[in-house]
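Breakdown of the fold
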2 protein chains.
Amino acid sequence: MPKPRKSRGKAALAPRRARTRLDTDERRAQLLELAQAAFANRSYDEVSIDDLARAAGVSKGLLYHYFPTKRDLYIAGLREAARQLMERTLITSTDLTPIERIRAGLDAYLDYATEHAHAYTALLRGGIGSDPEVAAVIEDTRVAYVERMLEGAEGSPLPMPAGRTPVLRLALRGWVGFVEHTSLDWVVDPRGVSQRQLRDLLVDVMLSTFKIATGAPLTRDW
Amino acid sequence: MPKPRKSRGKAALAPRRARTRLDTDERRAQLLELAQAAFANRSYDEVSIDDLARAAGVSKGLLYHYFPTKRDLYIAGLREAARQLMERTLITSTDLTPIERIRAGLDAYLDYATEHAHAYTALLRGGIGSDPEVAAVIEDTRVAYVERMLEGAEGSPLPMPAGRTPVLRLALRGWVGFVEHTSLDWVVDPRGVSQRQLRDLLVDVMLSTFKIATGAPLTRDW
């Protein structure tokens, strides 16, 4: 029956476009998930749209309908990864003390870095080069992370004098760099350092950095 | 006199190759300096070998004799920049106390980052992408910097218990990330933070990180 098969070509895009919103979202999520997995395990140049479309069981045309270029797909996957990271590291349980929430957030971060080691290292080591949009996604995530730390600190009973001075903001930005560099190094080769040791180091450095940047006495009272 | 001019073509490379070692080094240094300036102010793709050869007053052939590809020239320039940075930040004056030497070294680092702001930001934000050789030059410089800090700490009378544990090494690696992220942010927009404020923040975070990673009491005794 060649006729029905033929009609599944370009014309078949129309009914798909007319699907419900949920269907569209589901398809988009499926494509993003496949793309994330592909880009995580191969370099940008090695990933082909043909392979992705085949793996998703959709036409190349449909894939291009959602993501007009490979770069669009890559950046959408990156945004989704950043969103997941921010979501997973947001610990709001009121059963935990503020310091326990910080610890749990960092554990979630290190879990994420370990689980997505290849993508995590590839991305922070350059991604697809000096693409400004890629750099912006990474930088926005860092700024959002600093903002969250400032918010958490202001509302917490921790002995951390708050105040959003430029120096404090810069210091927390530096701490994010500390987290990225140590976790990258550690994910590649832990050299016997446990996740708990690294997490405790990150917590201690964050709290002492907070104190240094706000001029509070540098005592280990956490 | 067309004949003598003509003989300055490819054949002229031979006497140049036969120059003394000093001449060769000088020529190489001149080309590297020009390349560094060019790559500092324009993107990798925008820099042309033709322009560079013209600026140096040499033939393209001679330039390719020293640096077979544009990428070779870029990486050689990068290595030279890293060497200069390490040289400038090495403070050995015995007139200074160890803590003053650390301060002076960081001031030299921040001076360098400010003077070469364009190249510094371009490089640390991705350089020419995820080129493994570029990444290796940057990473080797970081490791050398950590090594130097460990050496300085071991021989110093600072109240810093030394010991090259994997945790201490990882922590200093993190501190290098702290320095890079804050200085990048600060070079682009200082937001009223003075170089002295940033330098003092970096010193304090380094010393507290050292103490945290070695389990020493966290007191501000520097």
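Scope of this entry: the structure provided in the associated data block.

Overview of the nonpolar core
- Judged by nonpolar contacts, the single largest core of 105 residues is most densely connected at Leu73(A), Trp175(A) and Trp175(B).
- Ignoring anything within four residues of it in the chain, the contact list for Trp175(A) reads Leu106(A), Tyr145(A), Met149(A), Leu202(A), Val205(A), Met206(A) and Phe178(B).
- In terms of nonpolar packing, the next biggest core, distinct from the first, is built from 25 residues, Leu62(B), Tyr74(B), Val134(B) and Ile138(B) among them.

What about the packing of aromatic side chains?
Residues and elements named next belong to chain A.
- Taken as a whole and assessed by the stated rule, the structure comprises ten aromatic pairs over all chains.
- Ring geometry for Tyr109 versus Tyr145: centroids 6.2 Å apart, planes at 45°, classification tilted. Of this pair, Tyr109 sits in helix H7 (residues 98-115) while Tyr145 sits in helix H9 (residues 132-154), and the two are 36 residues apart along the sequence.
- With 6.3 Å between their ring centres and 5° between their planes, Tyr145 and Trp175 make a pair best called stacked. Here Tyr145, found in helix H9, pairs with Trp175, found in helix H10 (residues 166-188); they are 30 residues apart in sequence, far enough to count as distant. Neither residue differs from the other here; Tyr145 and Trp175 are each classed as buried.
- Among the aromatic side chains, those forming a connected cluster through ring pairs are Tyr109, Tyr120, Tyr145 and Trp175.

Re the relation of the copies chain A and chain B
- Superposition of chain A onto chain B requires a rotation of 180° combined with a translation of 0.0 Å along the rotation axis, giving an RMSD of 0.0 Å. The symmetry that links the two subunits is that of a two-fold axis.
- Both copies present the same face, since 100% of the interface residues in chain A are matched by interface residues at the equivalent positions in chain B.

Considerations on the packing of helix H8 (residues 117-124) of chain A against H10(A)
Residues and elements named next belong to chain A.
- Orientation of H8 relative to H10, taken along the N-to-C sense of each, is 135°, at an axis distance of 10 Å. One way to sum up the angle between H8 and H10 is to call them oblique. Classified by chirality, the crossing of H10 by H8 is left-handed. Mapping the contact onto sequence places Ala117, Tyr120, Thr121 and Leu124 in H8 and Glu180, Ser183, Leu184, Val187 and Val188 in H10.
- A breakdown of the residues in the contact of H8 with H10 according to their chemical character gives six nonpolar, two polar and one charged.

Some words on the interface of chain A and chain B
- If you look at the interface, chain A gives 36 residues, while chain B gives 36 residues.
- Between chain A and chain B, a total of about 2,900 Å² is buried, with carbon and sulfur atoms accounting for 71% of that surface.
- Seen at the junction of chain A and chain B, the total is zero salt bridges.
- When residues of the side of chain A that touches chain B are traced back to their parent elements, those giving at least two are H9, H10 and helix H11 (195-214) of chain A.
- When the residues that make up the side of chain A that touches chain B are grouped by side-chain class, the tally is 16 nonpolar, eleven polar and nine charged.

Topic: the packing of helix H7 (residues 98-115) of chain B against helix H11 (residues 195-214) of chain B
Residues and elements named next belong to chain B.
- Here H7 crosses H11 at 130°, and the two axes come no closer than 10 Å. The orientation of H7 relative to H11 falls into the category oblique. Crossing angle aside, the handedness with which H7 passes H11 is right-handed. Contacts between H7 and H11 involve Ile99, Ile102, Arg103, Leu106, Asp107, Leu110, Asp111 and Thr114 on the former and, on the latter, Gln195, Leu198, Arg199, Asp200, Leu202, Val203, Met206 and Leu207.

Describing the environment of Thr121(B)
Residues and elements named next belong to chain B.
- Within the secondary structure layout, Thr121 lies in helix H8 (residues 117-124).
- Sequence separation between Thr121 and Arg103 is 18 residues, and the spatial gap between their C-alpha atoms is 22 Å.
- With residues near it in sequence (within four places) discarded, Thr121 still touches Leu184, Val187 and Val188.

Looking at the environment of Ala53(B)
Residue and element names in this part refer to chain B.
- Of note, Ala53 is situated in helix H4 (residues 49-56).
- Relative accessible area serves as the criterion here: at 4%, Ala53 is assigned to the buried category.
- Between the C-alpha atoms of Ala53 and Leu34, which are 19 residues apart in sequence, the distance is 9.3 Å.
- Sequence-distant contacts of Ala53, that is, excluding residues within four places in its chain, are made with Val58, Ser59, Lys60 and Leu63.

Calculation rules
- Residues numbered from 1 in each chain as written.
- Chains lettered and ligands numbered in written order.
- Predicted model: local features only at pLDDT ≥ 70, side-chain atom pairs only at ≥ 80, totals over all residues.
- Heavy atoms only, no water.
- Core = buried A, V, L, I, M, F, W, Y, C linked by side-chain atoms within 4.5 Å.
- Buried < 20%, exposed > 50% of the residue type's maximum accessible area, 1.4 Å probe, protein only.
- Contact = heavy atoms within 4.5 Å.
- Phe/Tyr/Trp six-rings, centres within 6.5 Å; stacked < 30°, edge-to-face > 60°.
- Helix = DSSP H or I, 4+ residues; strand = E, 2+ residues; numbered from the N terminus.
- Least-squares fit on C-alpha atoms with pLDDT ≥ 70 in both.
- Axes fitted to C-alpha atoms, helices over the stretch in contact; angles between N-to-C directions.
- Parallel < 35°, antiparallel > 145°, perpendicular 65-115°, else oblique.
- Left-handed = near helix turned anticlockwise from the far one by under 90°.
- Nonpolar A, V, L, I, M, F, W, Y, C, P; charged D, E, K, R; others polar.
- Buried area = accessible area lost by both parts, 1.4 Å probe.
- Salt bridge = Lys/Arg side-chain N within 4 Å of Asp/Glu carboxyl O.

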